[in-house]
Amino acid sequence: MYLLTEEIAFPPVSETSSEGILAFGGDLQPERLLLAYKNGIFPWYSEDEPIIWWSPDPRMVLFPDDLRVSKSMRQLLCRETFTVTFNTAFEHVIRACALIHRPGQDDTWITNEMEDAYIELYKMGHVTSVEVWRDEKLVGGAYGVNLGHVFCGESMFALESNASKFGFIHLVKRLKANGCQIIDCQMHTNHLASLGAYEVPREVFLSYL
């Protein structure tokens, strides 16, 4: 593993450990974050840890054409159970992602430092969020770094059953319409697998960058 300095640079991802860790240290200024995402690297760490930079192999991805929508979700979409917006409440979405309880996690990886960094990226136009509403209450959402042809998903949350899936499906359709070729889901989860995501060799993912 490498210790980053003030220089905005990363070692080659071929130096990543078997656990997926490439480096630690550095900072979350926009230039470093954008360089990281453009090279298949992302930060993930807890409050009491230094910044840890990851580039796992294999990589969990979703190709927009492979989006899997179950029969029950298709019925939910047809009923227009929720209202969906984009980029209207990003700061509320990232805060909800930080606060939501997740089984197996004692604390959040979305630290105050992370929130501030992604809010800055959002203001610069590099982050896209989807918001899911019921009766004018935010009940679900997701966000990620948008590189145009590649979308790097970061986090999602739901306060009601299926709210995050509802928003994610709308987000994928919007990204596809705007020319997105691949969605980075980072690491395997059953939730994302149920939506059609699967693992590919890191080199395959990097070829899209």
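Quick note: structure is the one above.
Heads up: these notes are all about the structure in this document. All of these numbers come straight from a predicted model, not from anything done at the bench. (Residues numbered from 1 in each chain as written. Predicted model: local features only at pLDDT ≥ 70, side-chain atom pairs only at ≥ 80, totals over all residues. Heavy atoms only, no water.)

1. Some words on the side chain of Ser-129
Then comes step 1: Locating Ser-129 in the fold gives a position in strand β7 (residues 127-134).
Then comes step 2: A relative accessible area of 0% means that Ser-129 is categorised as buried.
Then comes step 3: Separated by 2.6 Å, the side chains of Ser-129 and Glu-131 make a polar contact.
Then comes step 4: When neighbours within four sequence positions are excluded, Ser-129 is seen to be in contact with Thr-85, Phe-86, Asn-87, Thr-88, Phe-90, Ala-142 and Tyr-143. (Helix = DSSP H or I, 4+ residues; strand = E, 2+ residues; numbered from the N terminus. Buried < 20%, exposed > 50% of the residue type's maximum accessible area, 1.4 Å probe, protein only. Polar contact = N/O pair within 3.5 Å; in protein donor to acceptor, adjacent residues only side chain to side chain. Contact = heavy atoms within 4.5 Å.)

2. With respect to the sheet that holds strand β6 (residues 83-86)
Hydrogen bonds between backbone atoms are what pair the strands of a sheet, whose relative direction is either parallel or antiparallel.
Then comes step 1: Pairing is mixed in the open sheet, where seven strands are placed in the order β6-β7-β8-β9-β10-β5-β11. Where the open sheet ends on each side, the last strands, each with one partner, are β6 and β11 (198-200). Strand-to-strand twist across the sheet, computed as the mean angle between neighbouring axes with direction ignored, equals 35°.
Then comes step 2: Relative to strand β8 (residues 137-146), β7 is paired through eight bridges, and the arrangement is antiparallel. By the bridge assignment for β8, Thr-128 is matched with Gly-144.
Then comes step 3: Relative to strand β9 (residues 150-158), helix α5 (residues 163-177) is tilted by about 160°, and along the sheet it contacts β5 (59-62), β6, β7, β8, β9 and β10 (182-186). (Pairing = 2+ DSSP bridges. Axes fitted to C-alpha atoms, helices over the stretch in contact; angles between N-to-C directions.)

3. With respect to the sheet that holds strand β4 (residues 52-54)
Then comes step 1: Spatially, four strands are ordered β1-β2-β4-β3 in an open sheet, and the strand pairing comes out mixed. Looking along the sheet, the strands with just one partner apiece sit at the ends: β1 (2-4) and β3 (42-43).
Then comes step 2: The pairing of β3 with β4 spans two bridges and is classified as antiparallel. Among the inter-strand pairings, Phe-42 is bridged to a residue of β4, identified as Trp-54.

4. Describing unusual backbone geometry
Most peptide bonds take the trans form, and the phi angle of most residues other than glycine is negative.
Then comes step 1: In this chain, Asp-57 is followed by Pro-58 through a cis amide linkage whose omega measures 10°.
Then comes step 2: Tracing the chain through its elements places Pro-58 in the loop between β4 and β5.
Then comes step 3: With a phi close to 65°, Glu-136 is a non-glycine residue in the positive phi region.
Then comes step 4: Within the fold, Glu-136 resides in the loop between β7 and β8.
Then comes step 5: The exposed category is assigned to Glu-136, whose relative accessible area is 78%.
Then comes step 6: Of note in this structure, Asn-162 is not a glycine but carries a positive phi near 75°.

Read these as geometric descriptors, not functional statements.
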